[in-house]
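Examination of the molecular architecture
So you can see what is in the structure, the chains are spelled out below.
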Amino acid sequence: MSRVKGLASTLLKELQETSKHTLKDQQKVLQKRNEAMAAYRKIQASREGKSEPQVEDQQHLNPIADISFIDHILQKEHSLDPKDELHVENLATFVANHREYCILLERYNPGISMTQENKVRKTARRVGLEVPEDVKS
């Protein structure tokens, strides 16, 4: 396998891994949004005296990766100059290192992705207090 093919396969693998992690995070946000919207519609229906609304199809994210530039790199494999090969290598290294950076950032700074509600609750527990439950009306 040529050097360019190896770089392209490494880049593709790293992009797929990055896409998978990003998709998980986006799915969590989308699920939270859908739950909030369902609760809102339920409240609106009860205010208007209507029956509880039916649950609609929830939005789902479909990962669509545009990897046409990798195909382009492979087609031009023999005509790439060393500078372009270096760019592809740098891109593959950057994507791999950025993914690892995000994992380490989350591991060593767990509060970075925590919601404000969780931050308040954990801070209160640290000093021996409990945050009261919200009164549901």
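Everything numeric here is computed off the predicted structure, so don't read it as measured data. (Residues numbered from 1 in each chain as written. Predicted model: local features only at pLDDT ≥ 70, side-chain atom pairs only at ≥ 80, totals over all residues. Heavy atoms only, no water.)

Let's talk about the confidence of the model for the chain
Inclusion rule: Values of pLDDT, ranging from 0 to 100, describe the predictor's confidence in every residue of the model. Note on conventions: DSSP H or I runs of at least 4 residues are helices, E runs of at least 2 residues are strands, and numbering of each starts at the N terminus.
When pLDDT is averaged along the chain, the result is 81; 86% of the residues meet or exceed 70. Helix α4 (residues 116–126) holds the highest mean pLDDT among the elements of the chain, 89, whereas helix α2 (residues 68–75) holds the lowest, 77.

Focus: the pattern of salt bridges
Short version of the rule: By convention in these notes, a salt bridge is any Lys or Arg side-chain nitrogen within 4 Å of a carboxyl oxygen on Asp or Glu. Categorising residues by exposure relies on relative accessible area from a 1.4 Å probe, with only protein chains included: less than 20% of the type maximum marks a residue as buried, more than 50% marks it as exposed, and the intermediate range marks it as partly exposed.
Enumeration over the complete set of coordinates arrives at 5 salt bridges. Ionic pairing is found between glutamate 89 and arginine 3, a salt bridge with its closest N-O pair at 2.5 Å. Here glutamate 89, found in helix α3 (residues 82–108), pairs with arginine 3, found in helix α1 (residues 3–48); they are 86 residues apart in sequence, far enough to count as distant. Of the residues examined, arginine 3 reaches a relative accessible area of 44% and is grouped as partly exposed. A salt bridge links glutamate 17 to lysine 20, with the shortest nitrogen-to-oxygen separation between them at 3.3 Å. Taken together, the residues glutamate 17 and lysine 20, both in helix α1 and 3 residues apart, mark about one turn of the helix. Taking relative accessible area as the criterion, glutamate 17 reaches 26% and is therefore assigned partly exposed. You can call lysine 20 partly exposed: its relative accessible area is 44%. What you see here is one network of salt bridges that share partners, running through Arg3, Glu85 and Glu89.

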